[in-house]
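# Descriptive structure summary
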Amino acid sequence: MAISITQHHPTATNVFGEKTIMISRNGNHQYWLGDDKKNKMPSVTGITKYADAGSFGAGLGWAIKIVKENDGDLNSPRGLSLQVQKEGTDLHNSIDQYINNRTIDEDSVLFSTWLKTFANTTFLASEQLLYHKEMLYGGTADAFYFAPEDKSGTADIVLADWKTKERKSFESYGPPVKDLIQISAYAKALESMSSIYTPQQAKIIYLFRDNSGIEIVDVDIERYFEVFRACHHLHTVLKSAQ
């Protein structure tokens with residue numbers, strides 16, 4: 001059964017105080033505003049798949065490799081995929097608990113690797129639901145934190161996205177385009193909402209699954225949002241043709 005969650009996202013629309021936007025998400029990653037469950041919005045991740053044209057060939061090659069490494073076990077790719085998915089979910093949960101409650105997951109090596117980099121970071125929020133006011137898509141941002149102050153004494157808000165990744169894959173191919181356009185879509189949605197978390201920077205933090213470290217990628221929001229806009233248009237056209 002799909003589990004729904006609801007948040008009141010704080011916005012800064014006037015100088016007299018905050019007001020909030022009520023956003024909900026179900027277990028199928030569909031989003032809606034207020035009590036309007038009839039008009040569900042697609043998720044960012046559902047739209048970015050249109051930028052992942054080579055994923056089938058790459059996925060097939062990966063599956064064949066895993067089967068060979070496991071003595072021909074045809075179920076091994078699915079098992080490993082589920083393990084990787086769980087690993088990513090557990091890491092997100094550990095980080096979320098740390099940001100909100102300062103709870104330290106002493107059993108997770110990946111979390112310990114993350115903490116070495118972010119222990120002294122000032123976080124604003126984590127796991128925030130969002131939507132784009134005009135383009136009507138939804139998403140969930142992993143976290144927001146303050147960048148170090150510049151010479152003028154001001155600090156940018158950074159939108160962060162946590163990802164686990166195989167080091168060899170990252171070193172061979174770099175960050176996937178779908179990751180870059182995903183976080184760009186989040187940043188632009190926050191801007192459209194007048195969110196108090198509207199970022200000036202966006203970073204993807206890749207934690208390597210062999211626990212060999214972290215790679216932080218700065219994302220050009222404007223550049224990659226144009227790619228997302230094209231994916232969104234394709235998604236809209238295809239849906240209207242059904």
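A brief report on the enclosed structure follows.

Rules behind the numbers
Residues numbered from 1 in each chain as written. Predicted model: local features only at pLDDT ≥ 70, side-chain atom pairs only at ≥ 80, totals over all residues. Heavy atoms only, no water. Buried < 20%, exposed > 50% of the residue type's maximum accessible area, 1.4 Å probe, protein only. Helix = DSSP H or I, 4+ residues; strand = E, 2+ residues; numbered from the N terminus. Pairing = 2+ DSSP bridges. Contact = heavy atoms within 4.5 Å. Polar contact = N/O pair within 3.5 Å; in protein donor to acceptor, adjacent residues only side chain to side chain. Axes fitted to C-alpha atoms, helices over the stretch in contact; angles between N-to-C directions.

### Topic: the pairing of strand E5 (residues 138–146)
Within E5, eight of the nine residues are buried, which leaves the element mostly enclosed by the surrounding structure. Counting the residues in the hairpin turn of strand E4 (residues 123–131) and E5 gives six residues, including Leu 136, whose phi is positive at 55°. Strand direction decides the pairing type here: E5 and strand E6 (residues 157–165), joined by four bridges, are antiparallel. Paired with Tyr 145 across the bridge in E6 is Val 158.

### Digging into the side chain of Ser 94
Relative to the helices and strands, Ser 94 is located in helix H3 (residues 76–101). Ser 94 sits in the buried class, given a relative accessible area of 10%. The contact partners of Ser 94, leaving out residues within four places of it in the chain, are Thr 103, Asp 105 and Phe 111.

### A word on the side chain of Lys 203
Looking at the element boundaries, Lys 203 is found in strand E7 (residues 201–208). With a relative accessible area of 14%, Lys 203 lands in the buried category. Reaching out from Lys 203, the side chain makes a polar contact with the side chain of Asp 218 at a distance of 2.2 Å. Lys 203 has contacts with Tyr 145, Val 158, Leu 159, Ala 160, Asp 161, Ile 183, Ile 216, Val 217 and Asp 218, leaving out every residue within four places of it along the chain.

### Some points on the sheet that holds E4
Read across the open sheet, the five strands follow the order E4-E5-E6-E7-E8; overall the sheet is mixed. A strand with exactly one partner marks an edge of an open sheet, and here the two such strands are E4 and strand E8 (214–218). Averaged over neighbouring strand pairs, the angle between their axes works out to 35° when direction is ignored. Along the sheet, helix H6 (residues 177–193) contacts E4, E5, E6, E7 and E8; its crossing angle with E6, the most-contacted strand, is approximately 150°.

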